[in-house]
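Architecture at a glance
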Amino acid sequence: VISGLDNPAPIKPMDFSLDNIYPNPFNPAATIAYTSRQDMAISICIYDVYGKLVKTLYNGKQSIGEHTLTRNGTNDLGRPVGSGVNFCHLKNGKKTGYR
């Protein structure tokens, strides 16, 4: 008898999933797709390879479902930023996802 297999714990789905970002390395515009499995408050931010915040794309309540955002190649000050490898960070409370 292998312990734990007779009564496995139920698998809970993640609150959200962050899909691939295309294109990445980011061009001036990039599409970010994600799925929310419940109504929740989230933030979605873009960081450069040094960990510096480039842009907050969304910060607020999100409904259940599949969603997309488009990064327009500007930072939070509205200034253009160059192409390159960036990271997308989706946060819901203490849970986070990166791409």
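Attention here is on the structure that accompanies the text. (Residues numbered from 1 in each chain as written. Predicted model: local features only at pLDDT ≥ 70, side-chain atom pairs only at ≥ 80, totals over all residues. Heavy atoms only, no water.)

Structural notes on the overall build of the protein
What counts is decided by this rule: Strands here are runs of E lasting at least two residues and helices are runs of H or I lasting at least four, both read from the DSSP assignment and numbered beginning at the N terminus. We get accessible surface area from the Shrake-Rupley algorithm with a probe of 1.4 Å; when it comes to residues, only the shown protein chains can shield them.
Along the backbone of the protein there are zero helices and seven strands. For the protein, the α and β elements follow one another from N to C terminus as β-β-β-β-β-β-β. Here the protein has roughly 6600 Å² of accessible surface; of this, 54% comes from carbon and sulfur atoms.

What to know about the pairing of strand 2 (residues 30-36)
Quick reminder of the rule: Note on exposure labels: buried denotes an accessible area under 20% of the residue type's maximum, exposed denotes more than 50%, and partly exposed covers the range between, all computed with a 1.4 Å probe on protein chains only. The pairing criterion for strands is at least two bridges between them, as found by DSSP.
In terms of burial, strand 2 is largely enclosed, as seven of its seven residues are buried. Burial along strand 2 is two-sided: the residues Ala-30, Ile-32, Tyr-34 and Ser-36 and Thr-31, Ala-33 and Thr-35 are all buried. Pairing between strand 2 and strand 5 (residues 65-71): seven bridges, direction antiparallel. Paired with Thr-35 across the bridge in strand 5 is Glu-66.

Describing a nonpolar patch on the surface
Operational definition: Patch members must show over 30% relative accessible area and no salt bridge, and they are joined within 9 Å when carrying like charges or within 5 Å when they are nonpolar side chains of Val, Leu, Ile, Met, Phe, Trp or Tyr. When a carboxyl oxygen of Asp or Glu is within 4 Å of a side-chain nitrogen of Lys or Arg, the pair counts as a salt bridge.
On the surface, a nonpolar cluster with roughly 440 Å² of combined accessible area is contributed by Val-49, Tyr-50, Val-85 and Phe-87. For Tyr-50, a relative accessible area of 77% puts it in the exposed group.

Digging into the nonpolar core
We count it as follows: Think of a nonpolar core as a cluster: buried Ala, Val, Leu, Ile, Met, Phe, Trp, Tyr and Cys residues, connected wherever their side-chain atoms sit within 4.5 Å. What makes two residues a contact is simply this: any of their non-hydrogen atoms within 4.5 Å.
Grouped together as the largest cluster of nonpolar side chains are 14 residues, with contacts concentrated most on Ile-32, Tyr-34, Ile-44 and Cys-88. Going through the elements one at a time, strand 1 (16-22), strand 2, strand 3 (40-48), strand 4 (53-62) and strand 6 (86-92) are the ones with two or more residues in this core. The leading source of residues in this core is strand 3, at four residues. The contact partners of Ile-44, leaving out residues within four places of it in the chain, are Tyr-34, Lys-55, Thr-56, Leu-57, Tyr-58, Leu-69, Cys-88, His-89 and Leu-90.

Some points on the pairing of strand 3
By the criterion of burial, strand 3 is predominantly enclosed, with seven of the nine residues buried. Looking at chain direction, strand 3 and strand 4 are connected through eight bridges and run antiparallel. Looking at the pairing, Ser-43 lines up with Asn-59 of strand 4. Two successive antiparallel strands, strand 3 and strand 4, enclose a turn made up of four residues, where Gly-51 displays a positive phi of approximately 85 degrees. Pairing of strand 3 with strand 6 involves six bridges; the strand directions are antiparallel. Directly across from Ile-46, in strand 6, lies its bridge partner Cys-88.

These results come straight from atomic positions and should not be treated as a statement about function.
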